[in-house]
Amino acid sequence: MHIPFNRPHLTGREHAYIDEAKGFGVLAGDGEFTRRCSRWLEETTGTRRALLTHSCTAALEMTAILIDIRPGDEVIMPSFTFVSTANAFVLRGGVPVFVDIRPDTLNIDETLIEEAITDRTRAIVPVHYAGVGCEMPTIMDIAARRGLIVIEDAAQAICARYASRALGSIGHFGALSFHETKNIISGEGGALLLNDPAHVARAEIIREKGTNRSQFFRGEVDKYTWMDLGSSYLPGDLTAAFLYAQMEQAEEITRTRLRIWATYDAALAPLEREGLLRRPIVPAHCTHNAHMYYIMLPDAEARPRVIAALRARGIHAIFHYVPLHSSPAGRRFARTGSSMSVTEDSSGRLLRLPMWIGLPDEVPALVAKIIAEAISGGR
Ligand SMILES: *Cc1c(COP(=O)(O)O)cnc(C)c1O
């Protein structure tokens, strides 16, 4: 058996749409398929304006420019996240201030945010780990009281909700990823959700190399020129054509992933009852998107044993983030704003299981059996 950790899912319409895009004759950014993707995002998330980008990283970088991050400005975020959450602000001279995560969802611990706020704090970046929502009402309340901007790193959170609201549409900004490891993909890809109409005009300029070309194409100005800071953050229309084929199937993809997730969850329930591991916790007010199935092992020593046992049967399971505060660049560019005990403990015990459409039906039960043997065998 060979069960990779991830296998990109194709809907079958990608090629047809790429051919159609070629026929439209616009291969650069902001062609017909880019428009369709933006409209889809606006309709499904309720955001005011969605801009496609090359990546979630690019969308996060755009927010750092949009909110004028200056050297020394602080941005509160979890340490248990992907490097781009921090790097986007460090590129502008900002200082990530890491706070610990909650032991249940592994999302930022909202009760620690206020203590980490200083005179230099400008923004909070909640990361919706595994497509499970952070405590957004509390975070938005803190931000409103302290005059801070909220940027949701919703890279893993397409089609997921907090209560009735789409993740990425609740803060001032939301950043999505369509990297091939995510639920809805275009190889590399992303989007910036602008939830406050006040940011739309400048975001369009930053995304188009600092020019007002977007306004020019809409006929709002008679020539376009250099207006502001900016870079090239827009994907070509062939990428958008591929992505649109995925978006059309987003509900179906999410439903199928949720079914696989539930199969793992049922197969692993007896192991949790025996105290061998903990399964993911999804609060009742969160609708997740089955981006990931992970387990928390009893201790860090069990993890290499479980990985090796699965590997011996051809099943590829992997751990996740090295906490950023302990990384070389994290130590250089960032600081901690709270104890990191939950982050350090959880990151050492977490294991992600293969989760992709087409995963053979027997895998979850087999994985559960191998894990039970590997954990018990080491005791
Ligand atoms: C995948 C991911 C990113 C980066 O997304 P790209 O589209 O590859 O730039 C950022 N943050 C988190 C939490 C992610 O999971």
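A quick note: this is a predicted structure, and the numbers were derived from the prediction, not measured.

Caption draft 1: A look at the environment of Thr-81. Turning to its location among the elements, Thr-81 is positioned in the loop between β2 (74-78) and α4 (83-90). Distance from Thr-81 to Gly-147, taken between C-alpha atoms, is 24 Å for residues 66 residues apart in sequence. Once residues within four sequence positions are removed from consideration, Thr-81 is found in contact with Val-127, Asp-153, Tyr-321 and Leu-324. Only 2.7 Å separates the side chain of Thr-81 from the side chain of Thr-85, close enough to count as a polar contact.

Caption draft 2: Main features of the state of the cysteines. According to the stated counting rule, one finds zero disulfides in the structure shown. Note on Cys-37: no disulfide assigned, nearest cysteine sulfur contributed by Cys-159 at a separation of 13 Å. Here Cys-134 is not cross-linked by a disulfide; its sulfur's nearest cysteine counterpart is in Cys-286, at 8.6 Å.

Caption draft 3: Structural context of empty space enclosed by the protein. In the structure shown here, the tally under the stated rule is two cavities of 30 Å³ or more. Estimates place the volume of the largest cavity at around 70 Å³. Lining the largest cavity are 13 residues, and of these Arg-7, His-9, Lys-182, Asn-183 and Arg-257 sit closest to its centre. Residue composition of the lining of the largest cavity, by class: five nonpolar, four polar and four charged.

Caption draft 4: Geometry of the site of the ligand. Around the ligand lies a shell of 15 residues, among which Thr-57, Asp-153, Gln-156, Ser-177 and Lys-182 are the nearest. Side-chain polar atom of Asp-153 to a nitrogen atom of the ligand: 2.8 Å apart, as the coordinates give it. Contact with the protein chains covers 93% of the free accessible surface of the ligand, which is 380 Å². According to the grid-proximity analysis, the pocket containing the ligand is the largest pocket. Classifying every residue of the shell around the ligand by side-chain character gives five nonpolar, eight polar and two charged.

Caption draft 5: View of the domain arrangement of the protein. For the protein, the assigned domains are domain 1 (14-248) and domain 2 (250-377). Taking the mean C-alpha position of each, domain 1 and domain 2 sit 26 Å from one another. Counting from both sides, the interface comprises 46 residues of domain 1 and, opposite them, 38 residues of domain 2. Roughly 3,400 Å² is buried in total at the junction of domain 1 and domain 2, and carbon and sulfur atoms are behind 59% of that figure. Three residues stand out in domain 1 for area buried against domain 2, namely Phe-98, Asp-100 and Asn-183, and they jointly supply 19% of the buried area on that side. Counting the contacts that link domain 1 with domain 2 gives one salt bridge. Put simply, Arg-335 and Glu-74 hold a salt bridge, and the shortest N to O gap is 3.0 Å. The interface formed by domain 1 and domain 2 includes 25 residue pairs in polar contact (both at pLDDT 80 or more). For the side of domain 1 that touches domain 2, the element with the highest residue contribution is strand β3 (residues 95-99), accounting for five residues. When its residues are assigned to classes, the side of domain 1 that touches domain 2 shows 27 nonpolar, eleven polar and eight charged.

Caption draft 6: Structural view of the pairing of strand β4 (residues 121-124). Both β2 and β4 contribute to a ladder of three bridges, which runs parallel. Following the sheet pairing, Glu-74 is matched in β4 by Thr-121. The sheet contact formed by β4 and strand β5 (residues 149-153) spans two bridges and is parallel. Bridge pairing in β5 links Ala-123 to Ile-149. Handedness of the crossover joining β4 and β5 through helix α6 (residues 136-146): right-handed.

Caption draft 7: Quick look at the sheet that holds strand β10 (residues 286-287). Within the open sheet, the three strands sit side by side as β7-β6-β10. Their pairing is antiparallel. Single-partner strands in this sheet number two, and they are β7 (165-166) and β10.

Caption draft 8: Representation of the sheet that holds β3 in the model. Strand order in the open sheet formed by eight strands is β1-β9-β8-β5-β4-β2-β3-β12, and the pairing between neighbours is mixed. A single partner strand is all that each edge strand has here, and the edge strands are β1 (49-53) and β12 (335-336). Along the sheet, helix α7 (residues 200-207) makes contact with β1 and β9 (190-194), crossing β1 at roughly 10 degrees.

Each value, and the rule that gives it
- Residues numbered from 1 in each chain as written.
- Predicted model: local features only at pLDDT ≥ 70, side-chain atom pairs only at ≥ 80, totals over all residues.
- Heavy atoms only, no water.
- Helix = DSSP H or I, 4+ residues; strand = E, 2+ residues; numbered from the N terminus.
- Contact = heavy atoms within 4.5 Å.
- Polar contact = N/O pair within 3.5 Å; in protein donor to acceptor, adjacent residues only side chain to side chain.
- Disulfide = S-S within 2.5 Å.
- 1 Å grid on protein atoms, 1.4 Å probe; cavity = no way out; pocket = protein on both sides within 12 Å on 5 of 7 lines; lining within 4 Å.
- Points joined across faces, edges and corners; volume = space filled by probe spheres on them.
- Nonpolar A, V, L, I, M, F, W, Y, C, P; charged D, E, K, R; others polar.
- Near = heavy atom within 4 Å.
- Areas by Shrake-Rupley, 256 points an atom, 1.4 Å probe, with all protein chains shown as cover.
- Sits in = over half its atoms within 2 Å of the grid points.
- Domains from an automatic or database assignment.
- Buried area = accessible area lost by both parts, 1.4 Å probe.
- Salt bridge = Lys/Arg side-chain N within 4 Å of Asp/Glu carboxyl O.
- Pairing = 2+ DSSP bridges.
- Right-handed = clockwise from strand over helix to strand, strands pointing away.
- Axes fitted to C-alpha atoms, helices over the stretch in contact; angles between N-to-C directions.

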